[in-house]
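Structural characterization, general
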Amino acid sequence: MDEPERRLNGGTAHASLAARPLGTVAGMRVLVIEDDEAIRSVLERGLRADGFDVDTCADGGTGLWKALEGGYAAVVLDLLLPVKTGYQVCEALRAELRD
């Protein structure tokens, strides 16, 4: 087993998976709700480097408002946030989807 194959899932995945592109993400929007500036910045840079369009905010109230605007392929949500916790944001988003 070569080195890349060993690193993937403890050697259970084939090495060619590491080089396989994840697909087209151009134009896919991701919302990052994170109050820690350093973590938010790293997530934003990484997602942008992978081709995502990224919006960020630093509190749960603003995050909920932005998420309800819609159009996001994914939301990266911290749990311990000011204004509204990540749990409250998630609960509100789920309730909105049920309606």
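See the structure shown above.
Conventions used here
Residues numbered from 1 in each chain as written. Predicted model: local features only at pLDDT ≥ 70, side-chain atom pairs only at ≥ 80, totals over all residues. Heavy atoms only, no water. Buried < 20%, exposed > 50% of the residue type's maximum accessible area, 1.4 Å probe, protein only. Helix = DSSP H or I, 4+ residues; strand = E, 2+ residues; numbered from the N terminus. Pairing = 2+ DSSP bridges. Right-handed = clockwise from strand over helix to strand, strands pointing away. Polar contact = N/O pair within 3.5 Å; in protein donor to acceptor, adjacent residues only side chain to side chain. Contact = heavy atoms within 4.5 Å. Phe/Tyr/Trp six-rings, centres within 6.5 Å; stacked < 30°, edge-to-face > 60°. Lys NZ or Arg CZ within 6 Å of the ring centre and 35° of its normal. Salt bridge = Lys/Arg side-chain N within 4 Å of Asp/Glu carboxyl O.

Turning to the pairing of strand β1 (residues 29-33), a few remarks are in order. Counting buried positions along β1 yields four of five residues, so the element is predominantly enclosed. Where β1 and strand β2 (residues 53-57) come together, five bridges link them in parallel fashion. Pairing of Val30 across the sheet is with Val54, part of β2. Crossover connection from β1 via helix α3 (residues 37-49) to parallel β2: handedness right-handed. Bridge analysis of β1 against strand β3 (residues 74-77) gives four bridges, and the strand direction is parallel. Paired with Leu31 across the strands is Val75, a residue of β3.

The next subject is the side chain of Glu34. Tracing the chain through its elements places Glu34 in the loop between β1 and α3. At 2.9 Å, the side chain of Glu34 and the backbone nitrogen of Asp36 are in polar contact. Sequence-distant contacts of Glu34, that is, excluding residues within four places in its chain, are made with Ile39, Arg40, Cys57, Ala58, Asp78 and Leu81.

Another aspect to go through is the packing of aromatic side chains. Summed over the entire model, instances satisfying the criterion amount to zero aromatic pairs. Between the NZ or CZ atom of Arg29 and the centre of the ring of Tyr72, over which it lies, the distance is 4.2 Å.

Here we come to the pattern of salt bridges. Scanning all chains against the criterion turns up three salt bridges. Arg48 serves as the salt-bridge partner of Glu44, at 3.1 Å between the closest nitrogen and oxygen. Highlighted residues: Glu44 and Arg48, both in helix α3, separated by four residues, approximately one helical turn. On the basis of relative accessible area, Glu44 is assigned to the partly exposed category, the value being 24%.

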